[in-house]
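Notes for the structure review
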Amino acid sequence: MQESVVTRFAPSPTGLLHIGGARTALFNYLFSRHYQGKFLLRIENTDLKRSTKEATNAIYEGLNWLGLTWDDEPVSQVSRKGRHLEVAELLISNDMAYKCFCTPEELKIMREKSISAGGFGGYNGKCRNVDASKHPPNLSPSIRLKTNNEGKTSIKDLIQGNVEVSNKEIDDMVLVRSDGTPTYMLAVAVDDHDMKITHVIRGDDHLTNTFRHIQIYQALGWKVPYFAHIPLIHGSDGKKLSKRHGALGIHNYKEDGILPQALNNYLLRLGWSHKNHEIINLKEAINWFELKNVGKSPSRFDMDKLNHLNAHYISSSKNDKLLELITPILNDFLGFNIPIEVKKKVLLAMDNLKVRAKTLNELAEDASIYAYNVPIRIEEKALTVLDQSTINMLNLTRNLLDRITDWTSEELEAAITSVVNENKVGFKEVAQPIRIAITGSLKSPSIHEVLANLGRDTSLERIDDFLRRYKTS
Ligand code: GLU
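Parameters and conventions
Residues numbered from 1 in each chain as written. Predicted model: local features only at pLDDT ≥ 70, side-chain atom pairs only at ≥ 80, totals over all residues. Heavy atoms only, no water. Near = heavy atom within 4 Å. Polar contact = N/O pair within 3.5 Å; in protein donor to acceptor, adjacent residues only side chain to side chain. Areas by Shrake-Rupley, 256 points an atom, 1.4 Å probe, with all protein chains shown as cover. Pairing = 2+ DSSP bridges. Helix = DSSP H or I, 4+ residues; strand = E, 2+ residues; numbered from the N terminus. Phe/Tyr/Trp six-rings, centres within 6.5 Å; stacked < 30°, edge-to-face > 60°. Buried < 20%, exposed > 50% of the residue type's maximum accessible area, 1.4 Å probe, protein only. Lys NZ or Arg CZ within 6 Å of the ring centre and 35° of its normal. Salt bridge = Lys/Arg side-chain N within 4 Å of Asp/Glu carboxyl O. Contact = heavy atoms within 4.5 Å.

Taken together, Arg8, Ala10, Pro11, Ser12, Glu44, Tyr184, Val188, Arg202 and His206 make up the full set of residues near the ligand. At 2.8 Å, a side-chain N or O of Ser12 approaches a nitrogen atom of the ligand. The separation between an oxygen atom of the ligand and a polar side-chain atom of His206 is 3.0 Å. Calculation on the ligand without its partners gives an accessible area of 300 Å², and the protein chains cover 79% of this total.

Moving on, we come to the sheet that holds strand E2 (residues 38-43). Taken in spatial order, the 3 strands make up an open sheet running E1-E2-E3, and their pairing is parallel. Edge positions in the open sheet fall to strand E1 (6-9) and strand E3 (75-76), since each of these has one partner strand only. One ladder, built from 2 bridges, connects E2 with E3; its direction is parallel. Residue pairing across strands places Arg42 opposite Val75, the latter belonging to E3.

Quick look at the packing of aromatic side chains now. Per the counting criterion, the structure on display carries 9 aromatic pairs. When the ring of Tyr217 is compared with that of Trp222, the centres are 6.1 Å apart and the planes differ by 75 degrees; the resulting orientation is edge-to-face. Trp222 carries the same exposure label as Tyr217, and that label is buried. By way of ring pairs, the aromatic residues Phe27, Trp272 and Phe289 are connected into one cluster. Above the ring of Tyr123, the side-chain terminus of Arg144 is found at 3.6 Å from the ring centroid.

In this section: the pairing of strand E5 (residues 142-145). Taking every second residue as pointing to the same face, both faces of E5 are buried, with Ser142 and Arg144 on one and Ile143 and Leu145 on the other. In terms of strand pairing, strand E4 (residues 97-100) meets E5 through 4 bridges, oriented antiparallel. Looking at E5, one finds that Tyr98 is bridged to Arg144. Pairing between E5 and strand E8 (residues 174-176): 2 bridges, direction antiparallel. The residue of E8 that forms the bridge with Ile143 is Val176.

On to the pattern of salt bridges, then. Tallied over the entire structure, the rule returns 26 salt bridges. Measuring nitrogen to oxygen at the nearest pair gives 3.0 Å for the salt bridge that ties Arg128 to Asp172. Of this pair, Arg128 sits in the loop between helix H4 (104-116) and E5 while Asp172 sits in the loop between strand E7 (161-166) and E8; the two residues are 44 residues apart in sequence, bridging distant segments of the chain. Relative accessible area serves as the criterion here: at 3%, Asp172 is assigned to the buried category. Overlapping salt bridges bring together Arg8, Arg42, Glu44, Arg80, Arg83, Glu86, Asp191, Asp192 and Asp194 as one network.

With that settled, the discussion passes to the environment of Asp192. Within the secondary structure, Asp192 sits in helix H5 (residues 184-194). Assessed through its relative accessible area of 3%, Asp192 is described here as buried. Spatially, the C-alpha atom of Asp192 lies 25 Å from that of Gly151, the residues being 41 residues apart in sequence. Excluding residues that lie within four positions of it along the chain, Asp192 makes contacts with Arg8, Arg42, Ile197, Val200 and Tyr217.

If you want it as structure tokens, here you go:
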């Protein structure tokens, strides 16, 4: 690639940063980093009624969380209004744009007529050639582009291939509304030009806008950038992704305990591939990312796959990092700040815990067994498997455990195995009552590991407390 690559992510802060937007940002980021170019951020906040500070912050936070760092200061589109209007005036003075005084009623009738005659409802050019001397005084006009109505506009799209449209399908679009505000069409073309964007990578729902942007570029004699339109993300049912399919906002995934590495990896693979690699970190993605490997058809969002990748990234994360990540979740969940002794136990248990969890929330929940104080809350389901004989078995095991001097996982396993052998019962019959007594649930990592990590005093304290409470049940 000759020139230095400049890409941009241009979200409208009218809603939260969602996964479609995050994937667009990721592809722009990777493409620019791959070519050692620049990745810019532009906040398209011209819709003042719908744009919010919260949504703008959610965009910054979401991108930062994903590690998609941008270059330079973010551009606020609304602050560039003066420049957009200046370009509109330039187009008028070059006879490439004109003032339109049609009223909304006239435009409505025009649209209806066009549609009933089989057209697409576009503007019919009524004011295109009206001399300025005939312009009505005291009326605020809109400004329209003198669109080239002949021939075709084509895009050599880096993902979609060659796409073209007959210029008859493109009407004289509004560049500036009669209230003096620039339209999205004008603002995007001017900003992309001024920001020296070389590659516009965005969702393919913008493909029809691109034909119009190209006309603006051409009217100004500006170099048209490369375009790459990414197919949209669909839900698991093949329909356009919507709230119905579950969480959409990036913050939802964060709250659900998804790691940013997993989400990046998942979004990357959603529509892009490199050989048959599934697990790809950001560094590898930068090395390998090429637009030609982006698929042309929509991809389907699959939560199970995301969870699967998340489980991978959790199990390969460092234990102390995981402890740091789950501490606030645990504190929240428990309603108190876990003390240092609990943190130490969780850290000891982390090797076992991290291979079982699909999300950080699950990891925190599993780790919470190290944080409880007696009495341990026993789940309903766990209580149903208890009867007098299991309580007796727990009593027996407890006495054996009490005699262990070297409280290690190996010794504990040996002790439990000896109870199994001596009493000719299944392993579960011995392990399950201990599990219930010390965790309150029917599921946990290997019970001897849990006992070892909990330590002798806490383990026996929990068993004794349990036996006191359920002795006669
Ligand atoms: N602001 C537009 C959006 O959020 C994107 C415009 C663009 O990428 O050109 O859909």
